[in-house]
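Examination of the molecular architecture
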Amino acid sequence: MADFDVDLFVIGAGSGGVRAARIAASHGARVAIAEEYRVGGTCVIRGCVPKKLLVYASRFADDFEDAAGYGWHVPQATFDWTHLIANKDREIARLEAAYVATLERHEVEILRTRAVLEDRHTVRLADGRRIRAKYVLIATGAAPSLGADIAGLQHVITSNEAFHLPSLPKRILIQGGGYIAVEFAGIFNGLGSEVTLVYRGDNILRGFDDDLRAHLRGEMERRGIRIVTRQTVASVDKVEHGFCTTLSDNEEVVVDQVMFATGRKPHVNGLGLEATGVTLAANGGIAVDGYSRTVVDNIYAVGDVTNRVNLTPVAIREGHAFADTVFGGKPVRVDHANVPTAVFSEPECGVIGLTEAQARQHCERVDIYKTTFRPMRATLSGRDTRVFMKLVVDGITDKVLGCHIVGADAGEMIQVLGIAVRMGATKADFDATMAVHPTMSEELVTMREKAASYGRAAAE
Ligand code: NDP
């Protein structure tokens, strides 16, 4: 150990890096962590947390409207963007301080600087200082990618800037059909902006279950979001009051803000990887094995920089597993199958497991159960909205392979449902579970009629 200044040097103090540093330190390792921006990373500073706060803010509009049917008279509500952003920033600062305090409590040295690898054991800091580390963990995350290089790209913002706009745009065009595009479309729509979402494919949320995609699109459109598919933004011009975007079919849309949510790229540039021999995978992320180890045996990588499943809880689990494996004497592989996920769109989506299309590819027989219904809350409010629920079941073993929900609190439902699906619950187990009445989720245990059955058995 004498050869090394620290046992572990972590580059990047986001969700994965902070967890790994803390757990490694609790196993007795001497740990330093470098962060060039703010401690907390994407999730805390400009991702999950501020996004969810904005989602909460955007939902009050419906609550005020819905209250009328329940006998409440709500005087004309007004919204103050600056107030929301200031409160959000205060909360983010509080969380950042909590992360710093946790690291300090575990005696992790925090270096607020950029760190570059000079070789497999040497890290150079911005001030020229060199630190020798026995192990290195790369946890630098990912950054927004703007996609194609179009004219006027300099006018385009990403989610990074969306959190700090000086005012709420009256009209916004968002390009993309993934998590971020769909979530921000809901946020701006709820807060009162006129939203146009432009997506290059047939329907939003590619990779999700087709019925869920269709249902969510219908709900978003009913809320007044204009969804333009099979188009891309060809150019963006500054005009007197905002920006004129020209789409690939030559339609012009004038808005106050243009935002691209066209994916995120692993943050690998300028890290000095070439000096170490660390290699990249085909998806542009750092190539790692099941223990998050790169091809260089003392260098590991976790989280979005590896481009496996880009979700905060996955990065945290990978960071924890790395620390237990290397410093805790307990090798842990992270299981990336059956990861529950939520899209905080309006309404929300909650998903775990296989889509119908995936199941039909992999299983001999597939049974589909699905339902759409008007949630009870919408009765008195008169809101025009429907909930969607779908179970994808293995027709031979009766195991529930996938569950897809669109509706209020779908994220909360899928977290709990995820336990059952991971444990291998069967449709019969679902049916045997008593309903909680009246709830929306009771539908999950009361769906008796197959909507469809596919595969060899169905063909016979
Ligand atoms: P996604 O990869 O989910 O979506 C990117 C979207 O941009 C896709 O619809 C893609 O189209 C489109 N696109 C990509 N390149 C271009 C281009 N050149 N021109 C036009 N459209 C393009 O990325 P996001 O940025 O939405 O989010 C990044 C990741 O962050 C997510 O995948 C997720 O893992 C994570 N995340 C998770 C959240 C959550 O858990 N709630 C919330 C936010 C982010 P196509 O479908 O055709 O490829």
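Computed from a predicted model, the values in this text were never measured in an experiment.

Reading the values: rules and limits
Residues numbered from 1 in each chain as written. Predicted model: local features only at pLDDT ≥ 70, side-chain atom pairs only at ≥ 80, totals over all residues. Heavy atoms only, no water. Pairing = 2+ DSSP bridges. Helix = DSSP H or I, 4+ residues; strand = E, 2+ residues; numbered from the N terminus. Axes fitted to C-alpha atoms, helices over the stretch in contact; angles between N-to-C directions. Contact = heavy atoms within 4.5 Å. Polar contact = N/O pair within 3.5 Å; in protein donor to acceptor, adjacent residues only side chain to side chain. Buried < 20%, exposed > 50% of the residue type's maximum accessible area, 1.4 Å probe, protein only.

**Thoughts on the sheet that holds strand β13 (residues 252-255)**
Across the sheet, which stays open at both edges, the three strands sit in the order β11-β12-β13 with antiparallel pairing between neighbours. Two strands bound the open sheet, and with one partner strand each, they are β11 (233-239) and β13. In this sheet, adjacent strand axes meet at a mean angle of 25 degrees when their direction is disregarded. As defined by bridge partners, strand β12 (residues 242-247) adjoins β13 across four bridges and the pair is classed as antiparallel. Across the sheet, residue Thr245 finds its bridge partner in β13, namely Val253.

**Some points on the environment of Asn298**
Examined against the element boundaries, Asn298 turns out to sit in the loop between β15 (264-266) and β16 (299-301). Ignoring anything within four residues of it in the chain, the contact list for Asn298 reads Arg120, His121, Ala133, Lys134, Tyr135 and Val136. In terms of polar contacts, Asn298 uses its side chain to reach the side chain of His121, at 3.1 Å.

**Here's the deal with the environment of Ala342**
Within the element layout of this structure, Ala342 appears in strand β17 (residues 341-343). Look at Ala342 and you get buried, because its relative accessible area is 16%. In sequence terms Ala342 and Phe243 are 99 residues apart; their C-alpha atoms lie 32 Å from each other. Here Ala342 is in contact with Tyr179, Glu183, Cys349, Gly350 and Gly411, once residues within four sequence places are set aside.

**Quick word on the side chain of Asp66**
Inspection of the secondary structure assignment puts Asp66 in helix α3 (residues 48-67). For Asp66, a relative accessible area of 7% corresponds to the buried category. Reaching out from Asp66, the side chain makes a polar contact with the side chain of Arg377 at a distance of 3.4 Å. When near neighbours in sequence (up to four residues on either side) are disregarded, Asp66 contacts Arg377, Ser381 and Arg383.

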